[in-house]
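Read off the chains here:
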Amino acid sequence: MNSFKPCQIPQPKNDADSYIAAINERPLNALNSQSNRPKRNIGAHTKYWATGRTLKIAMYDASDEVIEEVKAAASEWLPYVNLKFDFVTGDTGDIRIHINPPNGVNSSEIGTDALIDDIGGTDAERRAPSMFLNWKSGSQRFRYVVLHEFGHALGAMHAHQHPDSEIPWNVQNTYKHCAKKYGWNKADVDTNILPLPRSHQHAYEPYDGDSVMHYEIPREWTFGNWGQSESWAISNGDIIMMRKAYPKD
Ligand SMILES: [Zn+2]
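Note that the coordinates shown come from a computational prediction; the quantities given were computed from them, not determined experimentally.

Asks: Lay out the coordination of the zinc ion with the relevant residues and their values.
Replies: Coordination of the zinc ion by the protein comes from C7 (SG), H148 (NE2), H152 (NE2) and H158 (NE2), over a distance range of 2.0 to 2.1 Å. Here the zinc ion binds four donor atoms, and the angle range of 99 to 119 degrees at the metal identifies the geometry as tetrahedral. Each donor residue of the zinc ion belongs to the same chain, and together they define the spacing C-x140-H-x3-H-x5-H. On the criterion of sequence distance, the pair formed by C7 in the segment before helix 1 (15-25) and H152 in helix 4 (residues 141-153) is long-range, its members being 145 residues apart.

Asks: Could you give an account of the nonpolar core, naming the residues involved and the relevant values?
Replies: Core analysis: the biggest nonpolar cluster contains 44 residues, and V70, I97, F150 and L154 have the highest contact counts within it. Mapped onto this core, the elements with two or more residues apiece are strand 1 (54-58), helix 2 (64-74), strand 2 (84-88), strand 3 (95-99), strand 5 (131-133), helix 4 and helix 7 (236-245). Take this core: its biggest share by element is seven residues, from helix 4. If near-sequence neighbours (up to four positions away) are discounted, L154 is found in contact with Y48, W49, L55, W77, V81, L83, F85, G111, M242 and Y246. Residues I167, Y175, C178 and V189 belong to the second largest nonpolar core, which totals twelve residues.

Asks: Which residues make up the pattern of salt bridges, and what values go with them?
Replies: Applying the stated criterion across every chain yields a total of 13 salt bridges. A salt bridge links E25 to R53; the shortest N-O distance between them is 2.5 Å. One end of the pair, E25, is in helix 1; the other, R53, is in the loop between helix 1 and strand 1, and 28 residues separate them in sequence. Residue classification places E25 among the buried positions, given a relative accessible area of 14%. For R126, the salt bridge is made with D123, and the minimal N-O distance between the two is 3.0 Å.

Asks: So what's going on with the UniProt feature "domain: Peptidase metallopeptidase" (unreviewed entry) in the protein? Which residues, and what values?
Replies: Within this structure's numbering, the places UniProt gives as "domain: Peptidase metallopeptidase" (unreviewed entry) are residues 44-184. Helix makes up 28% of residues 44-184 and strand 14%. Its end C-alpha atoms lie 25 Å apart.

Asks: How would you sum up unusual backbone geometry? Please name residues and give values.
Replies: Positive phi, close to 55 degrees, is recorded for N100, a residue that is not glycine. Summarising the element assignment, N100 is placed in the loop between strand 3 and strand 4 (107-108).

Asks: Can you lay out the pairing of strand 1 for me, pointing to particular residues and giving the numbers?
Replies: The pairing of strand 1 with strand 2 spans five bridges and is parallel. Residue pairing for strand 2: T54 is matched across the bridge by K84. The handedness of the strand 1 to strand 2 crossover, carried by helix 2, is right-handed. As paired strands, strand 1 and strand 3 are joined by two bridges and run parallel to one another. Each bridged residue has a counterpart across the sheet, and for I57 the counterpart in strand 3 is I95.

Asks: So what about the packing of aromatic side chains? Which residues, and what values?
Replies: To describe a pair of aromatic rings, you give the distance between the ring centres and the angle between the ring planes. Taken as a whole and assessed by the stated rule, the structure comprises seven aromatic pairs. Residues F85 and F150 carry aromatic rings whose centres are separated by 5.7 Å and whose planes lie at 50 degrees to one another, so their mutual orientation is tilted. Here F85, found in strand 2, pairs with F150, found in helix 4; they are 65 residues apart in sequence, far enough to count as distant. Of the two residues examined, F85 and F150, each falls in the buried class. Ring centres of Y182 and W184 lie 5.6 Å apart, and the angle between their planes is 50 degrees; this geometry places the pair in the tilted category.

Asks: So what's going on with the pairing of strand 3? Residues and values would help.
Replies: Counting buried positions along strand 3 gives four out of five residues, so the element sits mostly inside the fold. Bridge analysis of strand 3 against strand 5 gives three bridges, and the strand direction is parallel. Each bridged residue has a counterpart across the sheet, and for H98 the counterpart in strand 5 is F132.

Reading the values: rules and limits
- Residues numbered from 1 in each chain as written.
- Predicted model: local features only at pLDDT ≥ 70, side-chain atom pairs only at ≥ 80, totals over all residues.
- Heavy atoms only, no water.
- Donors = N, O, S within 2.8 Å, 3.2 Å for Na, K, Ca; no water.
- Tetrahedral: all angles 85-135°; square planar, octahedral: opposite > 155°, others 65-115°.
- Helix = DSSP H or I, 4+ residues; strand = E, 2+ residues; numbered from the N terminus.
- Core = buried A, V, L, I, M, F, W, Y, C linked by side-chain atoms within 4.5 Å.
- Buried < 20%, exposed > 50% of the residue type's maximum accessible area, 1.4 Å probe, protein only.
- Contact = heavy atoms within 4.5 Å.
- Salt bridge = Lys/Arg side-chain N within 4 Å of Asp/Glu carboxyl O.
- UniProt positions renumbered as here; feature names shortened; annotations may be inferred.
- Pairing = 2+ DSSP bridges.
- Right-handed = clockwise from strand over helix to strand, strands pointing away.
- Phe/Tyr/Trp six-rings, centres within 6.5 Å; stacked < 30°, edge-to-face > 60°.

Have a look at this one:
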C-alpha cells in the first residue's frame, strides 16, 4: 500500500447557514442552473464564489517555502476560472489553510461553506481553518493534494461520487476496509466515497474518471477487480466544469 490517504470533506454545520453563505456571496448559487427557478431543496445549492473576485487565502504562519509551493499548485486553476488569488499570512481570509494539522487529514470546505461562520459564528470560528494540507518537503504528491483541495475550495465535489459513475462499488467491503484502515464510520464513507443521490435540480457534467477530483479507488472497494489510480493533473472535464462555474464576463 502506498501513502494514499483519502481527503475528507467537512459537512456544513447546517444546510440553512450553508445556503445563506452561498447566496450572500453569489445569488445565482440559489438557482436551478437549467431553468433559473429557485431551488426548493436548499441542500442542493451550489457554493461558487462571485465571479471576478479576488479570494484572500490566509496561510497563518506557514513558511515562505510552503506558501510558494501551495501558491504554485493552486494557481494551476487560475487560467480556467474568473477569479484571482491573494495569498497572505495571518488568520483572516476567505480560505484559511492550516499546514500539517495533528490529525494528518487533507480536507477543504466546499466553496462558500468556508464563510459559514460569517453568519452567527464567533471571531475565533471565522478565523478557523477551512482547509488542511499535509506538507512534506520534496513530496511529489503534495502538488496533487493542493490541486484536489483547491478544487473543493472552488466548489467542486468528488468525481467518483457522480451518480452516473457506474463504478461497481462493493459497498460492504468499502465500509469494512475504510473502518479498518482509516477508522471511518459509515457516514464518513457515504459522505466522501459512495455515489451521492441524484439531484434533479442539478445539471451534471459527464462522469470524468480522469478528474483531479477523483480518488484512487483500490480494488478492495469494488467488484470485478475494478480500480482507478489517482490522476495528478487537472483534466479536460475539470476545465469544462470550472469554466462553466466561473465564466469570464
Ligand atoms: Zn476530496
